[in-house]
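Listed below are the residues making up each chain.
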Amino acid sequence: MTTAGVQSLVFRAGSLLCALRLDEVIETMRPLATHPLAGTPAYVSGICIMRGVPTLVVDVARLLGGGQAQIARFIAVRSDQGPMAFATGEISGVLPVDADAAARHEALLGDAQARLIAAVGTIDTEPVLLLRSMRLVPDEVWAAAANLAGTS
């Protein structure tokens with residue numbers, strides 16, 4: 001199924017250009033103080049307090065590429081478990097992303113990234129990873145965040 005020109009929030013995650021559909025974005029903000037959570041995957045930076053609510057922080061560059069990158073912005077996104085913050089590089093703005101869900105290249109992406117990436121699209125001649133709502137955070141991480149929230 002082809003989705004031409006999906007209005008998306010476009011941002012950098014290290015050297016990667018990524019996008020999120022606008023209906024999955026709550027807001028963008030400067031990075032907030034983040035507190036580590038023991039026993040979580042490396043891409044979970046920890047937990048922050050966003051609008052008074054303990055919120056998981058996911059480093060998108062580390063999640064997708066494994067490397068560390070400069071964090072310039074947080075993007076609050078909707079997920080199955082509630083809001084979470086994506087730690088990202090600079091935000092390019094709201095742009096239409098030409099993306100074809102059939103062209104996800106699952107063999108190249110691997111299982112974990114294939115679940116996160118809805119489609120691979122383009123802006124001009126640069127590839128863009130159109131991300132879907134976060135479904136990659138294990139239940140144990142959400143439980144650790146809930147336990148931490150209950151003790152504060």
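Attention in this report is confined to the structure presented alongside it. (Residues numbered from 1 in each chain as written. Predicted model: local features only at pLDDT ≥ 70, side-chain atom pairs only at ≥ 80, totals over all residues. Heavy atoms only, no water.)

Before going further, it helps to spend a moment on the pairing of strand S10 (residues 126–131). One ladder, built from three bridges, connects strand S2 (residues 16–21) with S10; its direction is parallel. Bridging from a neighbouring strand, Leu 20 pairs with Leu 131 of S10. Bridging between strand S9 (residues 117–123) and S10 involves six bridges; their strand directions are antiparallel. Of the residues in S10, the one forming a bridge with Ile 123 is Glu 126. (Pairing = 2+ DSSP bridges. Helix = DSSP H or I, 4+ residues; strand = E, 2+ residues; numbered from the N terminus.)

So, about the sheet that holds strand S3 (residues 25–29). Read from one edge to the other, the open sheet built from five strands follows the order S3-S6-S7-S5-S4, with strand pairing classed as mixed. Looking at strand neighbours, the two that pair on one side only are S3 and strand S4 (44–50), the edges of this open sheet. The average angle at which neighbouring strand axes cross in this sheet is 30°, direction not considered. One ladder, built from three bridges, connects strand S5 (residues 53–59) with strand S7 (residues 84–88); its direction is parallel. Bridge pairing in S7 places Val 58 opposite Phe 86. (Axes fitted to C-alpha atoms, helices over the stretch in contact; angles between N-to-C directions.)

With that settled, consider the environment of Gly 39. Checked against the element boundaries, Gly 39 lands in the loop between S3 and S4. A sequence separation of 102 residues divides Gly 39 from Val 141, and the C-alpha atoms of the two residues are 8.0 Å apart.

One non-glycine residue, Arg 51, lies in positive phi territory at about 55°. Looking at the element boundaries, Arg 51 is found in the loop between S4 and S5. Of note, Asp 124 is a non-glycine position whose phi angle comes to about 55°, a positive value. Position of Asp 124 among the secondary structure elements: in the loop between S9 and S10.

Further remarks concern the pattern of salt bridges. Once their charged atoms are close, side chains differing in charge can pair, the charge on each being opposite to the other. The full count for this structure, using the stated rule, is three salt bridges. Among the ionic pairs, Glu 126 bridges to Arg 12, the shortest N-O distance being 3.0 Å. Residue Glu 126 is located in strand S10, and its partner Arg 12 is located in strand S1 (residues 2–13); the two are separated by 114 residues in the primary sequence. The class for Glu 126 is partly exposed, based on a relative accessible area of 29%. A salt bridge links Glu 27 to Arg 51; the nearest nitrogen and oxygen atoms lie 2.7 Å apart. Of this pair, Glu 27 sits in strand S3 while Arg 51 sits in the loop between S4 and S5, placing them 24 residues apart in sequence. On the basis of relative accessible area, Arg 51 is assigned to the exposed category, the value being 68%. (Salt bridge = Lys/Arg side-chain N within 4 Å of Asp/Glu carboxyl O. Buried < 20%, exposed > 50% of the residue type's maximum accessible area, 1.4 Å probe, protein only.)

The next point concerns the side chain of Ser 8. Of note, Ser 8 is situated in strand S1. At 2.9 Å, the side chain of Ser 8 and the backbone oxygen of Val 6 are in polar contact. Beyond its immediate stretch of four places on either side in the chain, Ser 8 contacts Ala 19, Leu 20, Arg 21, Leu 22, Gly 93, Val 94, Leu 95, Val 97 and Leu 130. (Polar contact = N/O pair within 3.5 Å; in protein donor to acceptor, adjacent residues only side chain to side chain. Contact = heavy atoms within 4.5 Å.)

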